[in-house]
Amino acid sequence: MTNNQIEQKANEVLAAYLKKGGSHKIFAEIMQDEGIKYREVLSENQNFAGALTKGNSGQVYVMVNKSIENAGRKNFTIAHELGHYFLGHQLKTNYFFCLDSQISEESIATNDIEHEANYFASCFLMPEDKVRKAFFSMLKNSRKAKIKDFLHVKNDYTFSIWCGIRGDLMKRYGVSEAALRYRLKQLGLARFNF
Ligand SMILES: [Zn+2]
């Protein structure tokens, strides 16, 4: 699947569900409508991050390791598992167990399937239109208002601009800084050298 096809799929799912606010706020609603059950599970395997599984009865579960404390990481894991679901990956096998190393907020993955689920999670949590709009409006309101459409973050005053806006964006979209930086780079809105 190409990146464009994956992005389109993420947008289709969002268009059907999205209200005001971050996509992470509607996980429960999406799963309920799709008949998916959500479970946070304790695992002895510390590398276990999340899974999309199908029980014998056909019940689909999204499972997430209970020990993930970082909210952004947990949201990314849930969105990644929903990526497997909406991209139809569950048709190939009955379950996916995703290791911590496979769920990469910077879209680095060991194989195509995991890469697709990561890219879906990125598009899903940070829809292009919304991120672009929020980013531009925050740049406009920053002290150095001359920077309007692209932020090259270096070890100078641009770093303080970044510090001034990253927290708001992370909170709004329920993501970690790594995930946010990856998406901004990928959308051509920012570059990071520090
Ligand atoms: Zn996965």
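The written sequence of each chain sets the order in which its residues are numbered from 1. Predicted model: local features are reported for residues with pLDDT of at least 70 only, side-chain atom pairs are reported and counted for 80 or more only, and whole-chain, interface and lining totals are derived from all residues.

This brings us to the overall build of the chain. Numbering of helices and strands starts at the N terminus; helices are DSSP runs of H or I of at least 4 residues and strands are runs of E of at least 2. Helix and strand counts for the chain come out as 7 helices and 6 strands. Each helix (α) and strand (β) of the chain, taken in turn from the N terminus, gives the series α-α-β-β-β-α-β-α-α-β-α-α-β. In terms of its C-alpha atoms, the chain occupies a principal-axis envelope of roughly 60 × 35 × 25 Å. Counting only residues that meet the buried cut, the chain has 35% of its 194 residues in that class. Throughout, a residue-residue contact means that the two C-beta atoms, derived from backbone geometry, are no farther apart than 7 Å. Long-range contacts, defined as pairs at least 24 residues apart, comprise 67% of the intrachain contacts of the chain with a sequence gap of at least 6. Every C-beta atom is placed from the backbone, and the number of other C-beta atoms within 10 Å of a residue's own sets its class: buried at 20 or more, exposed at 12 or fewer, partly exposed in between.

What follows deals with helix 7 (residues 177–186). Among the residues of helix 7, Ala179, Leu180, Arg181, Tyr182, Arg183 and Leu184 are the ones counted as buried. Elements in contact with the buried residues of helix 7: helix 3 (71–86), helix 4 (112–125), helix 5 (128–141), helix 6 (157–173) and strand 6 (190–192). Following helix 7 by one or two positions, glycine 188 adopts a phi angle in the positive range, close to 70°.

This part takes up the nonpolar core. Here, a nonpolar core denotes buried Ala, Val, Leu, Ile, Met, Phe, Trp, Tyr and Cys residues that are linked to one another through C-beta atoms within 7 Å. Judged by nonpolar contacts, the single largest core of 43 residues is most densely connected at Phe120, Phe124 and Leu125. Top contributing element to this core by residue count: helix 4, with 7 residues. Counting only domains with at least three residues in this core, you end up with domain 1 (3–125) and domain 2 (128–192). Excluding residues that lie within four positions of it along the chain, leucine 125 makes contacts with Ser23, His24, Asn75, Phe76, Ala79, Tyr173, Gly174 and Val175. Each domain's extent is set by a domain assignment, obtained either automatically or from a database.

Looking now at the domain arrangement of the chain. You can read the domains of the chain as domain 1 (3–125) and domain 2 (128–192). Relative placement of domain 1 and domain 2: their C-alpha centres are 25 Å apart. The interface is formed by 13 residues belonging to domain 1 together with 10 residues belonging to domain 2. Ranked by the residues each element gives to the side of domain 1 that touches domain 2, the list is headed by helix 3, at 5 residues.

Attention now goes to the packing of helix 3 against helix 4. Two quantities define a packed helix pair, namely the angle between the helix axes and the distance between the axes. Where helices are involved, their axes are fitted lines through C-alpha atoms of the stretch in contact, as for all axes, and angles between N-to-C directions lie from 0 to 180°. With their axes 7 Å apart at the nearest point, helix 3 and helix 4 run at an angle of 115° to one another. Helix 4 is crossed by helix 3, and the crossing has right-handed handedness. Facing helix 3, whose interface residues are Asn75, Phe76, Ala79, His80, Gly83, His84 and Phe86, helix 4 presents Glu116, Ala117, Asn118, Phe120, Ala121, Phe124 and Leu125. Asp, Glu, Lys and Arg are counted as charged, while Ala, Val, Leu, Ile, Met, Phe, Trp, Tyr, Cys and Pro are counted as nonpolar; the rest, among them Gly, fall into the polar class. Residue composition of the contact of helix 3 with helix 4, by class: 8 nonpolar, 5 polar and 1 charged. The crossing is said to be left-handed when, going from far helix to near helix, the turn is anticlockwise and less than a right angle, and right-handed when the turn is clockwise.

A few words now on the pairing of strand 3 (residues 60–65). When DSSP finds two or more bridges between two strands, those strands count as paired. Bridge count for strand 1 (residues 36–41) against strand 3 is 6 bridges, and the pairing is parallel. Residue pairing in the sheet places isoleucine 36 in a bridge with valine 60 of strand 3. Where strand 2 (residues 48–54) meets strand 3, 5 bridges bridge the pair, whose relative direction is antiparallel. In the strand pairing of strand 3, lysine 54 is matched with valine 60.

Considering the arrangement of structural elements, one finds arginine 132 in helix 5. We classify arginine 132 as partly exposed; it has 16 C-beta atoms within 10 Å. Taking C-alpha positions, arginine 132 is 9.7 Å from glycine 188, a pair spaced 56 residues apart along the chain. Setting aside its immediate chain neighbours within four residues, arginine 132 contacts Leu187 and Leu189.

A word on the environment of phenylalanine 96. Structurally, the position occupied by phenylalanine 96 is in strand 4 (residues 95–99). Residues phenylalanine 96 and isoleucine 113, spaced 17 residues apart in sequence, show a C-alpha to C-alpha distance of 10.0 Å. With residues near it in sequence (within four places) discarded, phenylalanine 96 still touches Ala51, Leu52, His84 and His89.

Right, let's get into the environment of lysine 54. Following the sequence through the fold, lysine 54 ends up in strand 2. Classification of lysine 54 by C-beta neighbours within 10 Å gives partly exposed; the count is 14. Lysine 54 sits 85 residues away from leucine 139 along the chain, and the two C-alpha atoms are 45 Å apart.

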